[in-house]
Amino acid sequence: MPAAPHSSKRATGKSTRVTRPAPELIFGDLWEYDPAPETADPKLKARYDLFIDGKFVAPKSGKYFDSINPANEQKLAEIALAGAADVDAAFQAARRAYDHVWSRMPGRERAKYLFRIARLLQDRAREFAVAETLDGGKPIKESRDFDVPMAAAHFFYHAGWADKLDYVAPGRRVAPLGVVGQVIPWNFPLLMGAWKIAPALAMGNCVVLKPAETTSITCLKLAEIMQDAGLPPGVVNFVTGAGEVGAAVMGHAIPAKVAFTGSTEVGKIIMRSLAGSDKRMTMELGGKAANIVFDDAPLDQAVEGIVNGIFFNQGHVCCAGSRLLVHESVAERVLAKLKNRLRVLRVGDPMDKNTDLGAINSREQFGKIRELVEAGVKEGAEMFQHPCRLPAKGFYFRPTLFSGVSMSHRIAREEIFGPVLSILTFRTVDEAIEKANNTAYGLSAGVWTDKGSRILKMSTELKAGVVWANTYNKFDPASPFGGYKESGFGREGGRQGLLDYCQLV
Ligand code: NAP
Ligand code: MG
């Protein structure tokens, strides 16, 4: 159930006592929230240049592209379009910084810069949260309560490691790899940047990073923080643009390692293009997680976890619990509870503090979600959407449930990356494991049950990098995150994440 409304009024305007309405009417139809827009200034520039060698520089081509706000399709800022020469300049700057400054600096000194970046990010947290929401479309309560604090937490955590690197691989000494090329997607623009940059820098590597075309702004704001923190020029460089710029970053001769987060399809293209080279690689790719509910689970808690698992950030989450596997004996009850919960989810203006689901990140992603939902209907699954009002402008998708789904349906196999849940049933533990593992992916899973022994069995048998028990979508910088199978390889976070940014000597 949602928290009690902060400021609320009866939509009817009457103060008459309500006599035992059906539970699904209590919040959805009688209570309405007043608008509560976030008003902090995101301090956006009209134009963002590339960040190379500690300075903002215009792209050599002189070309820029627009970044829009997907909530209203209005232009937010112009972003520099990098060419091959700009990418090369960024790598040359990173190599100079690595050779002459960063790799020679003691870890305890590097730590001071990381602590400074973390603190400056905290100082400007509201501004960053607003910028993230405007550029990406996610609800302000998520960017405020999750993205920005987690990004700062990753810098703090890795700052803490920088002078303790002898303990990363006990009995061995570690050394940095050199310059690293990194490419990230649009679903957590600042946070994915922090996941990539913080461990690399703590280990003594230098970075050239490309954010996604639709969400470059918070990385470029992070560049301002790097300047304010006095980070030596060239240690971190940002180049912006679309897929070709990503390919130029991954394919450049200088980086000793490339780290990619994005779709399995693009991950495979990069792996093919680098096959035979001596570059190290880590790949954080797609997912199709199973959230598994047993008949002894606390069902109300599980429903909250299911909703959080798939509707958090509009389902733009690689580890989203997009397949619900529910024990046959409780399937009907769980479906009824989920429908009730969907009726009170608030879809709309991402800048409103009460909004649960904001805008889909781009028109292109909106089209992909719609296509898969249409496939689900065509293949015979039963669809439920609450007919809530959606803003006239912007890319909004109603939270969607599909029941009667079978393993062969596209909506059960393909990553939708949107607010769409496919519900399947099972009868035995073995059937649940078999169905959960019957996917090309293996990033995450959830288990809901009262039995500790069953949690242990499931977490052993499920082929997923993360298994959450009686919760979902919980993150901590100390906890490694990464995939099995086509969800990729390598880990981000924790000691394991640091190991992926060093060589053992
Ligand atoms: P995507 O299309 O693969 O794009 C990811 C990044 O790669 C973007 O910056 C993109 O540039 C760039 N890119 C595109 N083509 C490239 C190429 N040929 N060479 C190098 N870079 C290239 O993925 P997306 O649609 O943005 O993001 C969603 C995907 O990311 C989902 O599959 C999701 O599961 C996955 N993801 C995984 C994790 C994880 O930790 N495993 C975390 C988050 C997201 P432009 O977008 O600017 O064109
Ligand atoms: Mg944008």
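Here the structure is shown first, and the text comes after it.
Each value, and the rule that gives it
- Residues numbered from 1 in each chain as written.
- Chains lettered and ligands numbered in written order.
- Predicted model: local features only at pLDDT ≥ 70, side-chain atom pairs only at ≥ 80, totals over all residues.
- Heavy atoms only, no water.
- Buried < 20%, exposed > 50% of the residue type's maximum accessible area, 1.4 Å probe, protein only.
- Helix = DSSP H or I, 4+ residues; strand = E, 2+ residues; numbered from the N terminus.
- Pairing = 2+ DSSP bridges.
- Right-handed = clockwise from strand over helix to strand, strands pointing away.
- Near = heavy atom within 4 Å.
- Polar contact = N/O pair within 3.5 Å; in protein donor to acceptor, adjacent residues only side chain to side chain.
- Areas by Shrake-Rupley, 256 points an atom, 1.4 Å probe, with all protein chains shown as cover.
- Domains from an automatic or database assignment.
- Phe/Tyr/Trp six-rings, centres within 6.5 Å; stacked < 30°, edge-to-face > 60°.
- Lys NZ or Arg CZ within 6 Å of the ring centre and 35° of its normal.
- Core = buried A, V, L, I, M, F, W, Y, C linked by side-chain atoms within 4.5 Å.

Enquirer: Account for the pairing of strand E19 (residues 444-448), with residues named and values stated.
Expert: When you tally the buried positions in E19, you get five out of five residues, the bulk of the element. What you see with E19 is no split at all: Ser-444, Gly-446 and Trp-448 on one side and Ala-445 and Val-447 on the other are buried throughout. As judged from the four bridges shared by strand E14 (residues 290-293) and E19, these two strands associate in the parallel manner. Looking across to E19, one finds that Asn-291 is bridged to Gly-446. Judged from the four bridges that link them, E19 and strand E20 (residues 466-469) form a sheet pairing that is parallel. In the strand pairing of E20, Ser-444 is matched with Val-466. This β-α-β element, E19 to helix H15 (residues 452-461) to E20, shows right-handed connectivity.

Enquirer: Just give me the short version of the site of ligand 1, but keep the residues and values in it.
Expert: Of all residues adjacent to ligand 1, which total 29 residues, the nearest are Ile-184, Glu-213, Ser-263, Leu-285 and Glu-415. Taking Gly-243, its main chain carries an N or O atom lying 3.2 Å from an oxygen atom of ligand 1. Separating a nitrogen atom of ligand 1 from a backbone N or O atom of Leu-285 is a distance of 2.7 Å. Burial of ligand 1 by the protein chains amounts to 88% of its free accessible area of 900 Å². Listing elements by their share of the shell around ligand 1, those giving two or more residues are helix H8 (243-251), strand E12 (257-261) and helix H9 (264-274). Looking at the shell around ligand 1 element by element, the count peaks at three residues for H8. Looking at which domains feed residues into the shell around ligand 1, each of domain 2 (47-284) and domain 3 (290-469) supplies at least three.

Enquirer: Residues and numbers for the packing of aromatic side chains, please.
Expert: Applying the stated criterion to the full structure yields 16 aromatic pairs. Look at Trp-186 and Phe-417: their rings are 5.3 Å apart centre to centre, the planes differ by 75°, and that puts the pair in the edge-to-face class. Of this pair, Trp-186 sits in the loop between strand E9 (179-183) and helix H6 (189-203) while Phe-417 sits in the loop between helix H13 (410-413) and strand E18 (420-426), placing them 231 residues apart in sequence. Look at Trp-186 and you get buried, because its relative accessible area is 18%. With relative accessibility at 16%, the residue Phe-417 sits in the buried group. Each member of the aromatic cluster is reached from another via a ring pair, and the members are Phe-146, Phe-188, Trp-195, Phe-312, Trp-468, Tyr-472, Phe-475 and Phe-481. The ring of Tyr-113 carries the charged tip of Arg-116 above its face, separated from the ring centre by 5.1 Å. Above the plane of the ring of Tyr-501 lies Lys-257, whose end atom (NZ or CZ) is 4.1 Å from the centre.

Enquirer: For the nonpolar core, give the residues involved together with the corresponding values.
Expert: Formed by 134 residues in total, the largest nonpolar core has its most connected members in Phe-155, Ile-197, Phe-238 and Leu-338. Two domains each put at least three residues into this core: domain 2 (47-284) and domain 3 (290-469). Counting 29 residues, the second-largest nonpolar core is a separate cluster that includes Phe-366, Ile-411, Ile-416 and Ile-433.

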